[in-house]
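A look at the structure
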Amino acid sequence: MGNRDYDLFGPDAKRAVESGLTAAEWYHSDVPRKVMKELMARSDGPAMRDTVILYGAMIVLAGLGIALWPTWWSAPFWLAYGVLYGSASDSRWHECSHGTAFRTPWMNDAVYQIASFMIMRNSATWRWSHARHHSETYFVGRDPEIAIMRPTEMAKLIVNFFGILDVLKFIPNLVQNALTGPSAAERTFVPQAEWPKVQRVAQVHLAIYLATGALALAMGSILPLMVIGLPRLYGAWHHVMTGLLQHGGLADNVVDHRLNSRTVYMNPISRFIYWNMNYHVEHHMFPMVPYHALPRLHEIIKHDLPAPNRSIAEGFAEMWPAIKRQLAHQDYFLKRDLPATAKPYREDFQLYVPGMMPAPAAE
Amino acid sequence: MPWIDACATDDIDAEDLIRFDHGGATYAIYHGVDGKFYATAGKCTHEDVHLCDGLVMDFMVECPKHNGQFDYRTGEAKRLPACVNLRTFPVKVEADRVWIEV
């Protein structure tokens, strides 16, 4: 395939459609229907518990940060608050966009709207973006949520651990959305009936940021921005760290999530912040299984999956060299061994797509 | 329109569905929480995803891919990203068999 064009209007996008890649059926591990129904069953309990803990902790930490401001004693509280604001909001946005976190729809919607604001995503746009990400995961030119493009610009990757590029992209997009609705690229995946909603959401978000900025000016202090806005920068590192592991160094343009997604065992705090999305192969294969049931799903299908990485550090140790190698060899990807109990990878489609190279010899 | 013998009544658990293919088309047959049987088109109107792998809750069926939801009694789309209603088909039960008119 060689050089990739990630433009949603580019030749790779066109090729993915014409080749039939976008219409191909994804591989799924076998799970008996009765078991899958139990796994997909919804409840409010786990997400209510986690939401009370999350928002309660945010209130306490921000309160302590404000009380100790402007001394350096406030720094640890801001750092902790920032991770909950700028990283946990990513997983809450994600799970509630699937509508699986809570059984009660209004609870999903309420947490989704709050999380969308904190993570600086338009709630009306990104619902559709993420639907495309699940339909066409890492299809070049089709998936608007590819975090690591090839060849990777390493400096940008590192800078974005502090959310800088995300926010620099978000601000003009927010203003444009507020003034004229979705951009041309956004209109490729957001249905026209939703365009006014995109604009309304942007106007509400913009109004909150303007009010926060005005309060900061009136107070002559950045304190209001430490509570609203800036945590998206100083607390972003955790969601970037876990997000890169989701698909980094793995295959693109395939229809088997075992080839393009990564499951990583993580510590309990990271799993709370990330809401169990470390079970990422499982999540992509069965997106309607709620976050709290993913560990059970993992136990049921792990015989059919590559061995998970045993820690975040091990995940990076596997991924980072692969990303570096893709700088020179864009078609390179990590192909993990499957256990003897697994069905073979479904990689026939790679050979079928015109212009694509056969799967390279991989480690 | 012809009536087609789709399945036995006990082929579908209560509050569940099965896939039924006939004449090149695919359908979803439901055993509702009210004990009645219903039939709709077999794929989500948002994308070509079979509903038979989705979850049935009360009178709603959700697409297993993106959680578009439909009232399977009327076919009405109830949750984004599904915007277009699902086609429904008449159903009758005779001698413990479920028939749909297609």
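Because the structure is predicted, anything quoted here is derived from the model rather than measured. (Residues numbered from 1 in each chain as written. Chains lettered and ligands numbered in written order. Predicted model: local features only at pLDDT ≥ 70, side-chain atom pairs only at ≥ 80, totals over all residues. Heavy atoms only, no water.)

Re the pattern of salt bridges
Residues and elements named next belong to chain A. With the rule as written, the count across this model stands at 27 salt bridges over all chains. The closest approach of N and O atoms between Glu38 and Lys34, which form a salt bridge, is 3.4 Å. Of the two residues, Glu38 and Lys34 both sit in helix H2 (residues 33-40), four residues apart, roughly one turn of that helix. In this structure Glu38 comes out as partly exposed when scored by relative accessible area, which is 44%. Of the residues examined, Lys34 reaches a relative accessible area of 62% and is grouped as exposed. (Salt bridge = Lys/Arg side-chain N within 4 Å of Asp/Glu carboxyl O. Helix = DSSP H or I, 4+ residues; strand = E, 2+ residues; numbered from the N terminus. Buried < 20%, exposed > 50% of the residue type's maximum accessible area, 1.4 Å probe, protein only.)

Describing the sheet that holds strand S1 (residues 3-8) of chain B
All names here are of chain B. What the three strands build is an open sheet, ordered S1-S11-S10; its pairing is antiparallel. The open sheet is flanked by S1 and strand S10 (91-94), the only strands paired with a single partner. Each adjacent strand pair in this sheet contributes to an overall mean axis angle of 30°, direction not counted. Pairing analysis gives five bridges linking S1 to strand S11 (residues 97-101), with the strands arranged antiparallel. Across the sheet, the residue bridging to Ile4 is Ile100, located in S11. (Pairing = 2+ DSSP bridges. Axes fitted to C-alpha atoms, helices over the stretch in contact; angles between N-to-C directions.)

Things to note about unusual backbone geometry
Residue and element names in this part refer to chain A. Here the amide bond leading from Arg150 into Pro151 is cis, since omega sits at -5°, within 30 degrees of zero. Phi at Met120 takes a positive value of approximately 60°, unusual for a residue other than glycine. Residue position: Met120 is located in the loop between helix H5 (105-118) and helix H6 (123-135). Under the relative-accessibility criterion, Met120 is labelled buried at 11%.

Structural notes on the nonpolar core
The biggest cluster of nonpolar side chains holds 47 residues, and the ones touching the most others in it are A:Met36, A:Phe286, A:Val289 and A:Leu297. Aside from chain neighbours lying at most four places away, what touches A:Val289 is A:Met36, A:Leu39, A:Met40, A:Glu95, A:Leu294 and A:Leu297. (Core = buried A, V, L, I, M, F, W, Y, C linked by side-chain atoms within 4.5 Å. Contact = heavy atoms within 4.5 Å.)

Some words on the interface of chain B and chain A
Between chain B and chain A, the contact holds 22 residues from the first and 22 residues from the second. At the boundary of chain B with chain A, total buried surface from both sides reaches about 1700 Å², with 49% on carbon and sulfur atoms. The three residues of chain B that bury the most area against chain A are B:Leu55, B:Lys65 and B:Leu80, which together make up 33% of that side's buried surface. In this structure, B:Asp16 and A:Lys37 form a salt bridge, with 3.0 Å as the shortest nitrogen-oxygen distance. Between the two partners, chain B and chain A, sit 13 residue pairs in polar contact (both at pLDDT 80 or more). (Buried area = accessible area lost by both parts, 1.4 Å probe. Polar contact = N/O pair within 3.5 Å; in protein donor to acceptor, adjacent residues only side chain to side chain.)

Looking at the layout of surface pockets
Looking at the second largest pocket, its volume works out to about 840 Å³. Contributing to the lining of the second largest pocket are 29 residues, with A:Glu25, A:His28, B:Val49, B:His50 and B:Lys65 lying nearest its centre. Ranked by the residues each element gives to the lining of the second largest pocket, the list is headed by H2(A), at three residues. Of the residues belonging to the lining of the second largest pocket, the class tally is 14 nonpolar, five polar and 10 charged. (1 Å grid on protein atoms, 1.4 Å probe; cavity = no way out; pocket = protein on both sides within 12 Å on 5 of 7 lines; lining within 4 Å. Points joined across faces, edges and corners; volume = space filled by probe spheres on them. Nonpolar A, V, L, I, M, F, W, Y, C, P; charged D, E, K, R; others polar.)

Here we look at the packing of helix H12 (residues 237-247) of chain A against helix H17 (residues 312-328) of chain A
Residue and element names in this part refer to chain A. Closest axis-to-axis distance for the H12/H17 pair is 10 Å, and the angle between their directions is 55°. One element, H12, and the other, H17, form an angle in the oblique class. At the point where H12 passes H17, the crossing takes the left-handed sense. Residues Met241, Leu244 and Leu245 of H12 form the contact with H17, whose own contacting residues are Ile312, Gly315, Phe316 and Met319. (Parallel < 35°, antiparallel > 145°, perpendicular 65-115°, else oblique. Left-handed = near helix turned anticlockwise from the far one by under 90°.)

Focus: the side chain of A:His280
Residue and element names in this part refer to chain A. Note on placement: His280 falls in helix H15 (residues 280-285). Among the residues examined, His280 registers a relative accessible area of 2% and is labelled buried. Ignoring sequence-local partners within four residues, the contact set of His280 consists of Gln246, His247, Ser261, Arg262, Thr263 and Tyr274.

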